[in-house]
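# Structural features, examined
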Amino acid sequence: MTDTLSLITSHNPADPSDVLLQIPAPGAFASIEAVERARDAQPGWLLGGAAARSTALGAVAAAIDTAGAELAELAVREVGKPLTEARAEVARTAAIWRYYAQAPYEPVGAVHETAAGPGLLLTRRRPHGVAGLITPWNFPFAIPSWKAAPALAAGNAVVLKPAPEATACARRLAEIAQRALPEGVFTALPGGAPEGGALVSAADVVSFTGSTVVGRAVVRDATARGIPVQAEMGGLNAAIVLPDADIEQAAAHIAAAIAGYAGQKCTATSRVVAVGSALDPLREALCEALRAIPVGDPADPATVSGPLIDERARDRAGDAWHGLDVLTGGTVPDGPGWYAAPTLVENVPAGHGLLHEEVFGPIAALLPADDVAHAVRLTNSVPYGLVTSVHTADLDAALCGLDGLDTGMIRINAPSTGVDFHLPFGGAKASSLGPREQGRAALEFYTAGRTYTLSPTGAT
Ligand code: NAD
């Protein structure tokens, strides 16, 4: 967090007395300077050619693999990510860099016939210049990487402004990347809102991930400057369980999506919609599965649900179930560490905050639906539209009956959490604004199209 003295402080959420880092925030002008340095470095990076970019991105991937154990431990200590999940995030981060290391060799355009007369028409995609990347703390290596790697592959330079809570992780990622990349091409600039705002005012393209309230302001400011912008924001995701589902498997997937990493994922499940006769067996199986989730020290490889990121987040999760029918959980263990028990509630009145606002903690509401159409209406009845998980043996129902879902991603017989980095990622409504991230979609976002007309000399 950044405090009133403009210090950036990052704590271990499992042991708040363990302070990883306390440094002065560099201030808004530092963002402007970082963008200027990146702008000077970018043409050389682009003109250095596809092979140099591919080799450099591949070297970043290899270095992340080499440092894997140390990076995972850093994520455990700085953002409280359970060790097994932190290892998976680091492995995915290396895979992201490796995937985009091939991108510089991909075609960047097409050749067309002219409508009339001799000559050729060419399309070609070119980088924007300097990409300003603003990221949250919950995926401290993967999210900065799935923005930076495609931006760099396409020939942009990048300035990353990570969340203050993940400053040590971002610094370490930058050290690794900078060893493989030319000077000035990748900068990680610590800071909070002032540094992030200044980055939006100076970059040539902006990619944001974080809360909806900040994301909308970033999109507004970037759009006012006329630069491309994308924002991935909050979620309030539902899991729909049909009566024919494998209830045990559905309960295991949903429990992991509610409580994994203490629910601190934009793709976490926070509403469970049980259709018809699925309600009673699901209630029982889900309570059992949530009680079986190992909660505790994130450094223990068996832990699935660790601490919340800070005291405010723990209090928000701890307050969310007050006045509701708690089926399981509903406790806040004594510290040290900012923990909340995995919690399931039911009979939540329409209009209750839990059904409209993201808590970002390990809590979900169980909601009955009369039939599939009712389940779709309930799922769509929130401001967000990121991802829905559907649990059924009936693919017709999953593909056709649930076609009216308004979320950007649908996962069938899988937890709502978990993404493949080579396909587009994003949602609808208050969850996303602008083009998709990841996969080829990211390469499009970090480039602009140009059309060339080639006429033979002497043609009339
Ligand atoms: P946040 O919005 O508080 O901060 C995100 C980033 O924006 C940080 O780097 C922060 O310093 C910066 N920032 C804050 N104010 C700013 C301003 N005025 N101008 C520019 N930058 C500013 O979010 P957080 O608490 O770090 O992360 C949690 C949120 O992120 C949750 O809402 C979660 O759903 C969301 N999230 C979404 C996705 C997704 O892909 N949809 C993925 C992960 C997290």
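Owing to the predicted nature of the structure, the values given are computational and were not obtained by experimental measurement. (Residues numbered from 1 in each chain as written. Predicted model: local features only at pLDDT ≥ 70, side-chain atom pairs only at ≥ 80, totals over all residues. Heavy atoms only, no water.)

This part is about the overall build of the chain. Secondary structure summary: the chain contains 14 helices and 20 strands in total. Taking the principal axes of the C-alpha coordinates as reference, the chain spans close to 80 × 55 × 40 Å. Within the chain, buried positions represent 57% of all 460 residues. At a minimum sequence separation of 6, the contacts of the chain that also span at least 24 residues come to 72%. Total accessible area on the chain stands at roughly 18,200 Å², and carbon and sulfur atoms take up 56% of it. Looking at charge distribution, the chain has the averaged site of its 32 positive side-chain charges lying 9 Å from that of its 47 negative ones. (Helix = DSSP H or I, 4+ residues; strand = E, 2+ residues; numbered from the N terminus. Buried < 20%, exposed > 50% of the residue type's maximum accessible area, 1.4 Å probe, protein only. Contact = heavy atoms within 4.5 Å. Areas by Shrake-Rupley, 256 points an atom, 1.4 Å probe, with all protein chains shown as cover. Lys, Arg positive; Asp, Glu negative; His and termini not counted. Charge placed at Lys NZ, Arg CZ, Asp CG, Glu CD.)

By definition, the strands of a sheet pair up through backbone hydrogen bonds, in either a parallel or an antiparallel sense. Ordered in space as S12-S13-S14-S11-S10-S16-S17, the seven strands form an open sheet in which the pairing is mixed. Of all the strands in the sheet, the pair left with one neighbour each is strand S12 (325–328) and strand S17 (409–412). Within this sheet the neighbouring strands show an average axis-to-axis angle of 25 degrees, counted without direction. For S12 and strand S13 (residues 343–346), the ladder comprises three bridges, and the chain directions are antiparallel. Among the inter-strand pairings, Val-326 is bridged to a residue of S13, identified as Val-345. Relative to S12, helix H10 (residues 279–291) is tilted by about 65 degrees, and along the sheet it contacts strand S10 (237–241), strand S11 (269–275), S12, S13 and strand S14 (363–369). (Pairing = 2+ DSSP bridges. Axes fitted to C-alpha atoms, helices over the stretch in contact; angles between N-to-C directions.)

With that settled, consider the site of the ligand. Around the ligand sit 28 residues, and of these Thr-135, Lys-161, Ser-211, Met-233 and Glu-358 come closest. The contact in question runs from an oxygen atom of the ligand to an N or O atom on the backbone of Ala-163, over 3.4 Å. Note that a nitrogen atom of the ligand is positioned 2.7 Å from one of the backbone N or O atoms of Met-233. Among the elements of the structure, helix H7 (193–202), strand S8 (205–209) and helix H8 (212–225) are those that each provide at least two residues to the shell around the ligand. The dominant element in the shell around the ligand, judged by the number of residues it contributes, is H7, at three residues. Considering only residue class, the shell around the ligand consists of 16 nonpolar, nine polar and three charged. When residues of the shell around the ligand are assigned to domains, at least three map to each of domain 1 (7–233 + 431–453) and domain 2 (237–412). (Near = heavy atom within 4 Å. Polar contact = N/O pair within 3.5 Å; in protein donor to acceptor, adjacent residues only side chain to side chain. Nonpolar A, V, L, I, M, F, W, Y, C, P; charged D, E, K, R; others polar. Domains from an automatic or database assignment.)

Turning next to the UniProt feature "active site" (unreviewed entry) in the chain. Per the UniProt entry, the sites bearing "active site" (unreviewed entry) are Glu-232 in this numbering. You can see Glu-232 is positioned in strand S9 (residues 229–232). (UniProt positions renumbered as here; feature names shortened; annotations may be inferred.)

The next thing to look at is helix H2 (residues 50–66). With 17 residues, H2 ought to run about 24 Å at 1.5 Å a step, and its terminal C-alpha atoms sit 24 Å apart, in line with that. Buried residues of H2: Arg-53, Ser-54, Ala-56, Leu-57, Val-60, Ala-61 and Ile-64, and no others. Buried residues of H2, viewed axially, fall in a sector of 165 degrees; they line one side. What points out from H2, more than 90 degrees from its buried face, is the exposed set Thr-55 and Thr-66. (Expected span 1.5 Å × (residues − 1). Arc of directions from axis to C-beta.)

With that settled, the discussion passes to unusual backbone geometry. Of note, Phe-360 is a non-glycine position whose phi angle comes to about 60 degrees, a positive value. In this structure, Phe-360 sits in the loop between S13 and S14. When its relative accessible area of 17% is taken as the criterion, Phe-360 is described as buried. Although it is not a glycine, Asn-413 adopts a positive phi angle of roughly 55 degrees. Tracing the chain through its elements places Asn-413 in the loop between S17 and strand S18 (428–429). Given the relative accessible area of 31%, Asn-413 is considered partly exposed.

As a further point, take the domain arrangement of the chain. If you check the domain split of the chain, you get domain 1 (7–233 + 431–453) and domain 2 (237–412). Computed over C-alpha atoms only, the centres of domain 1 and domain 2 are separated by 31 Å. On the domain 2 side, the residues contacting the 26 residues of domain 1 number 23 residues. Contact between domain 1 and domain 2 buries roughly 1,900 Å² in total, counting both sides, with carbon and sulfur atoms accounting for 63%. On inspection of domain 1 and its partner domain 2, the count reaches one salt bridge. The salt bridge partner of Lys-265 is Glu-85, with a shortest N-O separation of 2.8 Å. For the side of domain 1 that touches domain 2, the secondary structure elements donating two or more residues are strand S1 (7–12), strand S2 (15–24), helix H3 (68–79) and helix H4 (83–101). Broken down by class, the residue content of the side of domain 1 that touches domain 2 amounts to ten nonpolar, eight polar and eight charged. (Buried area = accessible area lost by both parts, 1.4 Å probe. Salt bridge = Lys/Arg side-chain N within 4 Å of Asp/Glu carboxyl O.)

Moving on to the confidence of the model for the chain. The predicted model of the chain averages 96 in pLDDT, with 98% of residues at 70 or higher. Across the chain, element-level confidence peaks in strand S5 (residues 130–134) with a mean pLDDT of 99 and bottoms out in helix H13 (residues 395–401) with 88. (pLDDT = per-residue confidence, 0-100.)

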